[in-house]
Amino acid sequence: MIIRIEPDSDIPIYQQLTNQIIEGIARGSIQPGDSLPSVRAFAADLGVNMHTVNKSYHQLEKKGIIRIAPKSGAQISSPQNFSASSSDKLKEAFKPLIAESLVVGMSHAQIQELVTSIIEDLRNSNKNLI
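Description of the structure in this document. (Residues numbered from 1 in each chain as written. Predicted model: local features only at pLDDT ≥ 70, side-chain atom pairs only at ≥ 80, totals over all residues. Heavy atoms only, no water.)

As for the pairing of strand β2 (residues 73–76)
Part 1 of the argument: The sheet contact formed by strand β1 (residues 66–69) and β2 spans four bridges and is antiparallel. Considered in β2, the bridge of I68 is made with A74.
Part 2 of the argument: Taking the residues between adjacent antiparallel strands as the criterion, β1 and β2 are bridged by three residues, where K71 takes a positive phi near 70°. (Pairing = 2+ DSSP bridges. Helix = DSSP H or I, 4+ residues; strand = E, 2+ residues; numbered from the N terminus.)

What follows is the structure, encoded as structure tokens:
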């Protein structure tokens, strides 16, 4: 998986890293059980501060996406059963984006089409790598 950090982005670097790891899992380029690089090695490879990578890893751990074991490192967790609390968290994350979409004039159908195209892109991008 290739991580691209955009230092001039409005999105903090730790969030860019978190988002790209999640997308890599969604695309299937990172599988449950796979290990992530050590914080020190990943920071060196990306040319970022170790605390940035550490913050990303802890954010992923809090979401249940990775497990961090002392001396073993970070591993991608197996998919969990989707719970009501997960649904509530995602609903709160989606709400501002959907509200913004409505404010800029998108219709219900256009928003659904956009979400569907994003899902298709994520699912098909790994097929293109083979």
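A short note on helix α1 (residues 13–27)
A turn of α-helix holds 3.6 residues, and therefore any two residues three or four places apart point the same way.
Part 1 of the argument: Helix length check: α1, at 15 residues, gives a terminal C-alpha distance of 21 Å against a target of 21 Å (1.5 Å per residue), a fit within 8%.
Part 2 of the argument: Those residues of α1 that fall on the buried side of the exposure criterion are Q15, Q16, L17, T18, Q20, I21 and G24.
Part 3 of the argument: Among the structural elements, α2 (39–46) and α3 (50–62) are those in contact with the buried residues of α1.
Part 4 of the argument: Two residues or fewer past α1, G28 is found with a positive phi of approximately 95°. (Expected span 1.5 Å × (residues − 1). Buried < 20%, exposed > 50% of the residue type's maximum accessible area, 1.4 Å probe, protein only. Contact = heavy atoms within 4.5 Å.)

Looking at a nonpolar patch on the surface
Part 1 of the argument: A contiguous nonpolar surface patch, about 360 Å² in accessible area, is contributed by L90, F94, I98 and L102.
Part 2 of the argument: For L90, the location among the structural elements is in helix α4 (residues 84–103).
Part 3 of the argument: A relative accessible area of 38% means that L90 is categorised as partly exposed. (Patch = residues over 30% accessible without salt bridge, like charges linked within 9 Å, V, L, I, M, F, W, Y side chains within 5 Å. Areas by Shrake-Rupley, 256 points an atom, 1.4 Å probe, with all protein chains shown as cover. Salt bridge = Lys/Arg side-chain N within 4 Å of Asp/Glu carboxyl O.)

Some thoughts on the packing of α1 against α3
Part 1 of the argument: In the contact formed by α1 and α3, the axes pass within 8 Å of each other and the chain directions differ by 50°. When the axes of α1 and α3 are compared, the pair comes out oblique. The two elements α1 and α3 cross, and the hand of that crossing is right-handed. Contact residues: I13, Y14, Q15, L17, T18, I21 and I22 in α1; T52, V53, K55, S56, Y57, Q59 and L60 in α3.
Part 2 of the argument: The residue makeup of the contact of α1 with α3, split by class, is eight nonpolar, five polar and one charged. (Axes fitted to C-alpha atoms, helices over the stretch in contact; angles between N-to-C directions. Parallel < 35°, antiparallel > 145°, perpendicular 65-115°, else oblique. Left-handed = near helix turned anticlockwise from the far one by under 90°. Nonpolar A, V, L, I, M, F, W, Y, C, P; charged D, E, K, R; others polar.)

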